[in-house]
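# Coordinate analysis (summary)
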Amino acid sequence: MGRGGQSLARVAVIVRAGAVPLWWLGVLATGIGVLLPGLTGRRIGGYAGAALFVVCAAVVALVRRRKYTGWADRAARAGKSDFLQDRAVTLRNWRRANRWWLLAAFLVAVGSSFALPGAGGPALAGVGVGLWLKAAWLGRRERRDDALLWVRTDWAGTGHPVGKKVNGYRTTGTAAGDAVPGGARRRR
C-alpha cells in the first residue's frame with residue numbers, strides 16, 4: 001500500500017501566518033500605549049520598547065532552527081495523491097485557531113503600557129518581525145535545496161510546524177502550490 005492522500009500545508013506559510021497580525025497589533029498597541037502616561041514615563045517606555053523589539057525579533061527568528069533543519073534534511077518526497085493546501089486556506093486556518101491568543105497578546109501589550117508606556121507594543125511587533133525573518137530563512141533554504149517544505153495538516157494542528165505531533169516533512173518542486181519559497185504569495 002503506497003503513501004499519499006494526505007493534506008499538506010507549507011511550512012513557511014504557517015510560520016509566516018502570524019507575522020502580519022502580530023506586527024499590526026504591535027503597532028496599534030504602541031500607538032495606544034504612547035497615549036497613556038504610565039508609571040515610568042514615555043522616554044523609558046520607548047527605550048524599553050526598542051530593546052524588547054530587537055530581543056523578541058532575534059529570539060523568535062533563531063529559536064528551533066535546529067528542529068526545522070533536522071526535519072528538512074530528512075524530508076520525503078510528497079506523493080502524487082497528496083493534496084497541497086492553498087496559501088490563503090493555511091493563513092485563514094492559523095489566524096482562526098489563534099485569534100484569541102492574538103487578542104490576549106494585544107490586551108497584555110496595551111495593559112503593560114500602564115507601567116511602561118509603549119513598551120508592550122514593540123515586543124509584539126518584534127515577534128511578528130521574528131516570524132517573518134524565520135520564514136525568509138526557510139525561503140532561502142528552499143531556494144538552495146530547490147524544494148518546498150510541506151507538513152501534514154493533521155500533524156501541524158493549529159499552526160505548529162515543528163510541534164510534538166510532527167513526524168516529518170514532505171517536499172515538492174518549487175513550482176508547486178501558490179506560494180513562493182519563504183511563503184509569500186506567488187505573482188501570477
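Residues numbered from 1 in each chain as written. Predicted model: local features only at pLDDT ≥ 70, side-chain atom pairs only at ≥ 80, totals over all residues. Heavy atoms only, no water.

Relative to strand E3 (residues 83–84), strand E1 (residues 7–10) runs parallel, the two sharing two bridges. Following the sheet pairing, Leu8 is matched in E3 by Leu84. By the bridge criterion, three bridges tie E1 to strand E4 (residues 148–152) in an arrangement that is antiparallel. Its bridge partner lying in E4, Leu8 is registered against Arg152. (Pairing = 2+ DSSP bridges. Helix = DSSP H or I, 4+ residues; strand = E, 2+ residues; numbered from the N terminus.)

So, on to the sheet that holds E4. Pairing in this open sheet of five strands is mixed, and the strands run E2-E5-E4-E1-E3 from one edge to the other. Looking at the sheet topology across the chains shown, the edges are occupied by strand E2 (76–77) and E3. Here E4 runs beside strand E5 (residues 170–172); their pairing, made up of three bridges, is antiparallel. The residue of E5 that forms the bridge with Trp150 is Arg170.

Using the criterion set out here, one finds two aromatic pairs in the structure. Between Tyr68 and Trp137 the ring centres are 6.4 Å apart and the planes differ by 85 degrees, which places this aromatic pair in the edge-to-face class. In this pair, Tyr68 is assigned in helix H4 (residues 65–73) and Trp137 in helix H7 (residues 120–145), connecting sequence segments 69 residues apart. Accessibility assignment for this pair places Tyr68 and Trp137 in one class, buried. Judged by centre distance (6.4 Å) and plane angle (45 degrees), the rings of Trp71 and Tyr169 are tilted. Of this pair, Trp71 sits in helix H4 while Tyr169 sits in the loop between helix H8 (153–156) and E5; the two residues are 98 residues apart in sequence, bridging distant segments of the chain. Residue Trp71 shares its accessibility class with Tyr169, and that shared class is buried. Above the plane of the ring of Trp150 lies Arg10, whose end atom (NZ or CZ) is 5.7 Å from the centre. One cation-aromatic arrangement involves Arg74 over Trp71; the distance from NZ or CZ to the ring centre is 4.9 Å. (Phe/Tyr/Trp six-rings, centres within 6.5 Å; stacked < 30°, edge-to-face > 60°. Buried < 20%, exposed > 50% of the residue type's maximum accessible area, 1.4 Å probe, protein only. Lys NZ or Arg CZ within 6 Å of the ring centre and 35° of its normal.)

Across soluble globular proteins, nonpolar side chains show a tendency to be buried alongside one another. Core analysis: the biggest nonpolar cluster contains 33 residues, and Val11, Tyr68, Leu138, Val151 and Tyr169 have the highest contact counts within it. Only helix H1 (11–16), helix H2 (19–35), H4, helix H5 (87–97), helix H6 (99–111), H7, E4 and H8 provide two or more residues apiece to this core. (Core = buried A, V, L, I, M, F, W, Y, C linked by side-chain atoms within 4.5 Å.)

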